[in-house]
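Topology and contacts: notes
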Amino acid sequence: MTLTDPLDARGPLGTAAPAPPAVPTGSPTPVFVSLKLALLRNGLRQSSGRRAAYITSLVMAMLFAVLQLLGLVLLRGTNHVDALVTLLTAVLALGWAVMPLFFPGGDETLDPTRLVMLPLRPRSLITALLVSSLIGIGPLFTLTLVAGSAIAVAHGAAAAAAGVLAVVLTVLVCVALARAVATANTRLLTSRKGRDMAVLSGLFVAIGAQFVNLGAQQLGGKNGLSVLEPASAVLRWVPPAAAVDAVQGVSDGAYGVAAAQFALTVAALALLMWWWLGTLTHLMTTPDSSTIQAAAPRERRSSAADTPDASGPFARLLPSRAADTPDASGPFARLLPSGRTGTVLLRTLRYAVRDPKTKSAWVTSLGVGLLLPFITAAQGNGSIYWACWASGMLGMLMYNQFGQDTSAFWMVAQTISSPRDAYLELRGRALALLLVAVPYVAVAVLGCAAFLKNWSAAPEALGIALALLGSMLATGALTSVLAPYSIPQDSGYKNVVPAQAGIAWISILGGMILGSVLCAPVLGLTIWLHVSGTHGLLWVVFPLGAVYGAAIAETGLRVAAPRVAARLPEILAAVSKG
């Protein structure tokens, strides 16, 4: 038998060892483009519902884009149209920057960690990802909108050529910005916090719609598009809006300013690509910090298990593990009422912080309840009584209390053996809500009073708001018992299972109407004091409203408690369908 050197390049029979496969030198861009098309095609094949949703989204987006394009073309040659297209481009770029944070599941290729095991260089990888990102509804919508903006301000052959360059640069900057932001936040978007952000996306869309509505009303005023000039003067030097504004500069003959704006946009694109390259390289060459942090407690537990018994004579020389153990109750828990009420209160607040669906409901109520009064006041139709929206939005959180527990309500049901237990359960949940709602309503009313400079109406408005809050708590407790429904956990955008949508609507609308009726005595007192001319006594609405709200809430809890104890099986069956 012949022995061979394992480091010899030849085999045992003297034959040459096979050469390693050649490293591919071609660009991966065509592969990524075909991969993006395959993802779109296969996604449409998964179900008819997804195919219908995609086609509907495409038709609606293109219809909106075409209408915007026609509108911009019709505005060609009008005064201040350059300010409009500059602001429109800046808002479009802002949308590209924030969309990956709130809708990470919209594009399966946004997660570059799926490509870690492939032998790809970062430079060729970002080029391929940038080109493949130009395929989709978003880039097509952006291209149409930016093209209309360029047409609106382009006059002459030189401006038309500059418009083509501006459109290309703007689309590339928007796509690169979205990719860079998504890559820098990939670890966040794939974590629980990222999923929480996706659940909260509806709130940001609602807030954005209110500001768009406010802006549209300002544009419809007597000043027209001229109100955009101050913002446009700043944004015309912010890429990619600078590239679109450069087209107007070429039309006016300001070639030096236009060249500087184009250079600034190109520099911004290069800076985005450099940032994207750095974050992509770091992401694909470093481990996930969350896994390292998760492994650290296991290492500490294993080392603690190997620590010798500290009861011997050397006990004083060993480190004390008790000093490093945090108090399980925490400093806040010591301030809570004792017994079941405090336990339920703390559990409810923890659900509001940790559970994505509950957190979404809390944040939406807090945001909308504070936004509506100020948006209405900014539109010129403001009234301090609009602050009662804060009470209504927070009071609605009391509705369907047991549906928030889903099928885990069986653990709560096992601890309820009498109406007293049910009352303490409901009281703990109501106190958790009041702990946030009372100061929140006070801030909303006093903020409206300061914004409208109507401090004299603050006491009566605060009294009505507190009475409405107590009424909503009372009706919420009753509807939670009489009309519970399931909240699906497999979808971030559905708050009720399809078979129980009618129950949910009846519960919410009926409870809101009944809550308004229960608040009628305080509202009637306020109206009578105004009509009778006794404005000096309007301050009594505040203490009377607070006392009435507390009394009606307590009454609602005591009325609902026996029904909770009697309907535990029915409630559990209703909330376990999701």
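Structure shown above.
So, a few notes on the structure that sits alongside this text. Remember, predicted model here, so these are calculated numbers, not experimental data.

Quick notes on the rules
Residues numbered from 1 in each chain as written. Predicted model: local features only at pLDDT ≥ 70, side-chain atom pairs only at ≥ 80, totals over all residues. Heavy atoms only, no water. Helix = DSSP H or I, 4+ residues; strand = E, 2+ residues; numbered from the N terminus. Buried < 20%, exposed > 50% of the residue type's maximum accessible area, 1.4 Å probe, protein only. Areas by Shrake-Rupley, 256 points an atom, 1.4 Å probe, with all protein chains shown as cover. Expected span 1.5 Å × (residues − 1). Phe/Tyr/Trp six-rings, centres within 6.5 Å; stacked < 30°, edge-to-face > 60°. Patch = residues over 30% accessible without salt bridge, like charges linked within 9 Å, V, L, I, M, F, W, Y side chains within 5 Å. Salt bridge = Lys/Arg side-chain N within 4 Å of Asp/Glu carboxyl O. Polar contact = N/O pair within 3.5 Å; in protein donor to acceptor, adjacent residues only side chain to side chain.

Topic: the overall build of the protein chain
Within the protein chain, the secondary structure is distributed over 24 helices and zero strands. The burial tally for the protein chain puts 39% of its 578 residues in the buried class. Carbon and sulfur atoms provide 69% of the accessible area of the protein chain, an area that totals close to 30,800 Å².

A short note on helix α20 (residues 458-482)
Under the 1.5 Å per step criterion, the end-to-end length of α20 is 36 Å for 25 residues, consistent within 8% with the ideal 36 Å. Along α20, 22 of the 25 residues are buried, which leaves the element largely enclosed by surrounding structure.

With respect to the packing of aromatic side chains
Under the counting rule described, the total for this entry stands at two aromatic pairs. Ring geometry for Phe64 versus Phe141: centroids 5.9 Å apart, planes at 15 degrees, classification stacked. One end of the pair, Phe64, is in helix α2 (residues 48-74); the other, Phe141, is in helix α5 (residues 137-153), and 77 residues separate them in sequence. Phe64 sits in the partly exposed class, given a relative accessible area of 43%. A relative accessible area of 18% places Phe141 in the buried class. Between the aromatic rings of Phe402 and Phe409, the centroid separation amounts to 5.0 Å while the plane-to-plane angle is 50 degrees, which identifies the pairing as tilted. Here Phe402 matches Phe409 in class, with each residue buried.

Focus: a nonpolar patch on the surface
Side chains of Met60, Leu63, Val66, Leu67 and Leu70 sit close together on the surface and give an oily, nonpolar patch of about 480 Å² of accessible area. Mapped onto the elements of the fold, Leu70 is located in helix α2.

Some points on the side chain of Thr183
Relative to the elements of secondary structure, Thr183 occurs in helix α6 (residues 157-184). Note on Thr183: relative accessible area 5%, which makes it buried. A distance of 2.8 Å separates a polar side-chain atom of Thr183 from the backbone oxygen of Arg179.

Some thoughts on the pattern of salt bridges
Where side chains of opposite charge bring their charged atoms close, a pairing between them can arise. A complete count under the given rule lists six salt bridges for this structure. The salt bridge partner of Arg340 is Glu425, with a shortest N-O separation of 2.8 Å. With Arg340 in helix α15 (residues 340-354) and Glu425 in helix α19 (residues 419-452), the pair connects residues that are 85 residues apart, well separated along the chain. Neither residue differs from the other here; Arg340 and Glu425 are each classed as buried. Here Glu425 and Arg347 are joined by a salt bridge, their closest N and O atoms 2.4 Å apart. Of this pair, Glu425 sits in helix α19 while Arg347 sits in helix α15, and the two are 78 residues apart along the sequence. Residue Glu425 is classed as buried on the basis of its relative accessible area, which comes to 1%. Residues joined by salt bridges that share partners form a network here, namely Arg340, Arg347, Asp405, Glu425 and Arg429.

None of this, on its own, says anything about what the molecule does.
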